[in-house]
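Summary of the model geometry
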Amino acid sequence: MGAILPRERLIVAIAGLLDGVRHVAVGASSPIPAAGAMLLRALAERDGKPRVRISILGSREHNFFTNGSAELFDCAGQGRIDAFFLGGGQIDGEANINLVGTGDYPRNPVRWPGSFGSAYLYFVVPRVILFREEHTPRVFVEKVDFVSAPGTSEAGVYRPGGPHALLTSLALFSFDKERRRFRLESVHPGHSIAEVTAATGFTFDHDEAVPATPDPDPATLALLRGRVLTELEETYPQFARQMAAELRGSAAA
Amino acid sequence: MTQPTLDDLAAMVPHGAKLALPVDYAGVSMAMTRPLIARGLRDLHVVCLPTGGMQPDMLIGAGCVATIETSAMTLGEAGGAPCFTRAVREGAVKVMDATCPAVHAGFLAAQKGVPFATLRGMIGTDLLANRPDWKVIQNPFSDEPDPIVAIPAIRPDVAIFHCPMADRDGNVWIGRRRELASLAYAAERTLVTVERIVETSLLADEVTAAGVLPALYVEAVTVAKNGAAPIGLWGEYPADMEAIGRYAREARTPEGFRAFLDGADRLLEAV
């Protein structure tokens, strides 16, 4: 079996963060979160655990909604979605996310597509995983320029949902809602705390020694490279083919 | 019954209209984009249910739009919406930034004929801070402080979308793309293009009837073969990613956008 790809590590980490959920929704153009959810489903099936439902927006195969695009939000509002993924052009130390743009609103010098469902789903989905591969100070800022969705809310505001973890190409963080701060949980192999600190524009908590993100066990890896990659192909053909090619390359090396 | 032309449909959209358009995967009448632009429409208030893509981007590029109300503007895998991004930077268009379920809530209120719908979330966002039309109210059924956001009804003058089929009575088959029904319920006038007209009533069979938008809500229907292209149409044809990618590249400058429009005009004339 070839070397573990960085992306495989992210997918396995996501499956770990989703442990125990019954229904996870994945936004469009999110192949790594989708793969993590599919891996979780495959693992649950293998281990005889309760069935995991996955809703992938924009997929025919993995989208059972029949009431239009409103149904995802209705479903989330009813508490029927346990986990969701959000990214952000900017994410700050209090887990506020910005999907609108940099600089002054509304004439942003850099304008991104917009907030999509974030200003709602972040409030009502219990386990929101922040996922952003690029780990640089321009993404992880001290304070976002625009709050598409806030990390925490004042007392009295209906807020069953919120940030659970932040996963990047360098590290995995948890989020403490009381302290309104991220905590570094593990650093991916080949990277260091110093590197994570230098690439992060906000301060975060961590122990003196932070463990390395663990390697997946061979059985999990085999499931990922077999069944999950095949399932992924339907919705993200380009991504699945690219990953298969990388795997062939790493096996040949 | 003679079918109206696409230009006839475009003529039903007045200047300054509030025009509602669906998300890319629900069925966009791209065939109507050019007739709308050719009509020289001005000052449109475009509402996207709940996000917009190439069609509203082209309307912005052509100078038809004064206000865009949407949760996002994107060409999907092809990247950001070029004319929208440029217009925002130049301040050429007013943006009413929203979040998907808030747009749905506005349409739902219109569907019910009530002034507003309430929705969780949004409190503490800069979206809410920049939407004076959204109001935070107290939940009247709670003894505790319980703020909740009230979203006013969105009542478009016109809605336009594309579907696989309609029948001779003007019933339109929308399948499970229920956001198309939301558009039609809320809009004063709904204009639909379809791949084909079928001879049997879509209401005759309970299986198709379940996915029918009745003619009651539909002002006009006309055939536009491949009318969603280059965006795909569910159950019919996939998106032409190459063509959307070409648009994404060429429309990055105003000149490129114009050339894209002119190039497509020449192609049409050659047919």
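Since this is a predicted model, take the numbers as computed values, not measurements.

Helices and strands together make up the secondary structure of chain A, namely seven helices and twelve strands. Taking 253 residues into account, the globule formula puts the C-alpha radius of gyration at 18 Å, and chain A, at 18 Å, falls close to it. Across its three principal directions, the C-alpha atoms of chain A cover 50 × 50 × 35 Å. A fraction of 68% describes how many contacts in chain A between residues 6 or more apart in sequence connect residues 24 or more apart.

Residues and elements named next belong to chain A. Under the defined criterion, the tally for this structure stands at twelve aromatic pairs over all chains. When the centroid spacing of 4.7 Å and the interplanar angle of 45 degrees are considered together, the rings of Tyr 105 and Phe 146 count as tilted. Placement of Tyr 105 in the loop between strand E6 (101-102) and strand E7 (110-111) and of Phe 146 in the loop between strand E9 (140-141) and strand E10 (163-167) is noted, with a sequence separation of 41 residues between them. Ring pairing ties together the aromatic residues Phe 140, Phe 173, Phe 175, Phe 182, Phe 202 and Phe 204, which thus form one cluster. Here the basic side chain of Arg 159 rests over the ring of Phe 123, its NZ or CZ set 4.5 Å away from the ring centre.

To continue, consider the environment of Leu 86 of chain A. Residues and elements named next belong to chain A. Relative to the helices and strands, Leu 86 resides in strand E3 (residues 83-86). Sequence separation between Leu 86 and Val 128 is 42 residues; the distance between their C-alpha atoms is 6.9 Å. When neighbours within four sequence positions are excluded, Leu 86 is seen to be in contact with Ile 97, Ser 118, Tyr 122, Val 128, Ile 129, Leu 130 and Phe 131.

Our focus in this paragraph is the state of the cysteines. Covalent bonding between the sulfur atoms of two cysteines defines a disulfide. Residues and elements named next belong to chain B. Applying the stated criterion to the full structure yields zero disulfides over all chains. With no disulfide of its own, Cys 64 lies 11 Å from the sulfur of Cys 83, the closest cysteine sulfur. Looking at Cys 64, the relative accessible area reads 1%, which means it is buried.

Turning our eyes to something else, we now look at the interface of chain B and chain A. Residue-level contacts link 38 residues of chain B with 38 residues of chain A. Overall, the association of chain B and chain A removes approximately 2900 Å² of surface from exposure, summing both partners, and the carbon and sulfur fraction of that is 58%. Here Arg 111 of chain A makes a salt bridge to Asp 97 of chain B, at a shortest N to O gap of 2.8 Å. For the interface between chain B and chain A, the tally reads 16 residue pairs in polar contact (both at pLDDT 80 or more). Mapped by element, the contributors of at least two residues to the side of chain B that touches chain A are helix H5 (82-90), strand E4 (94-97), helix H6 (100-112), helix H7 (126-129) and helix H8 (178-186) of chain B. The leading source of residues in the side of chain B that touches chain A is H5 of chain B, at five residues. Its residues assigned to classes, the side of chain B that touches chain A shows 16 nonpolar, twelve polar and ten charged.

All names here are of chain A. Ordered in space as E5-E4-E9, the three strands form an open sheet in which the pairing is mixed. Each edge of the open sheet is held by one strand with a lone partner, namely strand E5 (97-98) and E9. Examined bridge by bridge, strand E4 (residues 90-92) and E9 share two bridges and lie parallel to one another. For Ile 91, the partnering residue across the bridge sits in E9 and is Phe 140.

Residue and element names in this part refer to chain B. Of all six residues making up strand E2 (residues 44-49), six are buried, and the element is well covered by its neighbours. Residues Leu 44, Val 46 and Cys 48 point to one face of E2 and His 45, Val 47 and Leu 49 to the other, with burial holding for every one of them. Bridging between strand E1 (residues 18-22) and E2 involves five bridges; their strand directions are parallel. By the bridge assignment for E2, Leu 19 is matched with Val 46. Of the strand pairs in this sheet, E2 and strand E3 (residues 65-70) are connected by four bridges, and their pairing is parallel. In the sheet register, Val 47 faces E3, and the bridge partner there is Glu 69. Remark: the E2/helix H4 (residues 54-61)/E3 crossover connection has right-handed handedness.

Next up on the list: the sheet that holds strand E5 (residues 116-119) of chain B. Residue and element names in this part refer to chain B. As summarised here, the arrangement of the three strands in space is E5-E7-E6, forming an open sheet in which the pairing is antiparallel. Each of the sheet's edge strands pairs with one partner strand only, and the pair in question is E5 and strand E6 (135-138). Taking each pair of neighbouring strands and ignoring which way they run, the sheet shows an average axis angle of 40 degrees. Sitting on the sheet, H6 touches E5 and strand E7 (147-152), and the angle it makes with E5 is about 145 degrees.

Our next topic: helix H1 (residues 6-17) of chain A. The terminal C-alpha atoms of H1 of chain A lie 17 Å apart, and with twelve residues this matches the ideal 16 Å at 1.5 Å per residue to within 8%. All buried positions along H1 of chain A are accounted for by Glu 8, Arg 9, Leu 10, Ile 11, Val 12, Ala 13, Ile 14, Ala 15 and Leu 17 of chain A.

What follows is about the packing of H1 of chain A against helix H7 (residues 237-252) of chain A. Between two packed helices, what matters for the description is the angle formed by their axes and the separation of those axes. Residue and element names in this part refer to chain A. Running from N to C, H1 and H7 cross one another at 120 degrees; their axes reach a closest spacing of 10 Å. Judged on the interaxial angle alone, H7 and H1 are oblique. Every residue of H7 that contacts H1 at Arg 7, Glu 8 and Ile 11 is listed here: Phe 239, Gln 242, Met 243, Glu 246 and Leu 247. Class assignment for the residues of the contact of H1 with H7 results in four nonpolar, one polar and three charged.

This next bit is on helix H3 (residues 70-77) of chain A. At 3.6 residues per turn, the α-helix brings residues three or four places apart onto the same side. Those residues of H3 of chain A lying buried are Ala 70, Leu 72, Phe 73, Cys 75 and Ala 76 of chain A. Residues of H3 of chain A that are buried in the fold lie against strand E1 (23-26) and helix H4 (118-124) of chain A together with H6 of chain B. Positive backbone phi, at 85 degrees, marks Gly 79 of chain A, one or two positions downstream of H3 of chain A.

It is worth spelling out the nonpolar core at this point. Leu 130 and Phe 182 of chain A together with Phe 107, Trp 134 and Val 172 of chain B are the most contacted members of the largest nonpolar core, which totals 82 residues. Setting aside its immediate chain neighbours within four residues, Phe 107 of chain B contacts Ala 20, Val 47, Leu 49, Ile 154, Pro 156, Ser 182, Leu 183 and Ala 186 of chain B. Of all hydrophobic cores here, the second largest spans 44 residues; its members include Leu 9, Ala 62, Ile 68 and Ala 220 of chain B.

We now examine the environment of Gly 27 of chain A. All names here are of chain A. Examined against the element boundaries, Gly 27 turns out to sit in the loop between E1 and helix H2 (31-46). We classify Gly 27 as buried; its relative accessible area is 13%. A sequence separation of 89 residues divides Gly 27 from Phe 116, and the C-alpha atoms of the two residues are 9.8 Å apart.

Rules behind the numbers
- Residues numbered from 1 in each chain as written.
- Chains lettered and ligands numbered in written order.
- Predicted model: local features only at pLDDT ≥ 70, side-chain atom pairs only at ≥ 80, totals over all residues.
- Heavy atoms only, no water.
- Helix = DSSP H or I, 4+ residues; strand = E, 2+ residues; numbered from the N terminus.
- Rg over C-alpha atoms; globule rule 2.2 N^0.38 Å.
- Contact = heavy atoms within 4.5 Å.
- Phe/Tyr/Trp six-rings, centres within 6.5 Å; stacked < 30°, edge-to-face > 60°.
- Lys NZ or Arg CZ within 6 Å of the ring centre and 35° of its normal.
- Disulfide = S-S within 2.5 Å.
- Buried < 20%, exposed > 50% of the residue type's maximum accessible area, 1.4 Å probe, protein only.
- Buried area = accessible area lost by both parts, 1.4 Å probe.
- Salt bridge = Lys/Arg side-chain N within 4 Å of Asp/Glu carboxyl O.
- Polar contact = N/O pair within 3.5 Å; in protein donor to acceptor, adjacent residues only side chain to side chain.
- Nonpolar A, V, L, I, M, F, W, Y, C, P; charged D, E, K, R; others polar.
- Pairing = 2+ DSSP bridges.
- Right-handed = clockwise from strand over helix to strand, strands pointing away.
- Axes fitted to C-alpha atoms, helices over the stretch in contact; angles between N-to-C directions.
- Expected span 1.5 Å × (residues − 1).
- Parallel < 35°, antiparallel > 145°, perpendicular 65-115°, else oblique.
- Core = buried A, V, L, I, M, F, W, Y, C linked by side-chain atoms within 4.5 Å.

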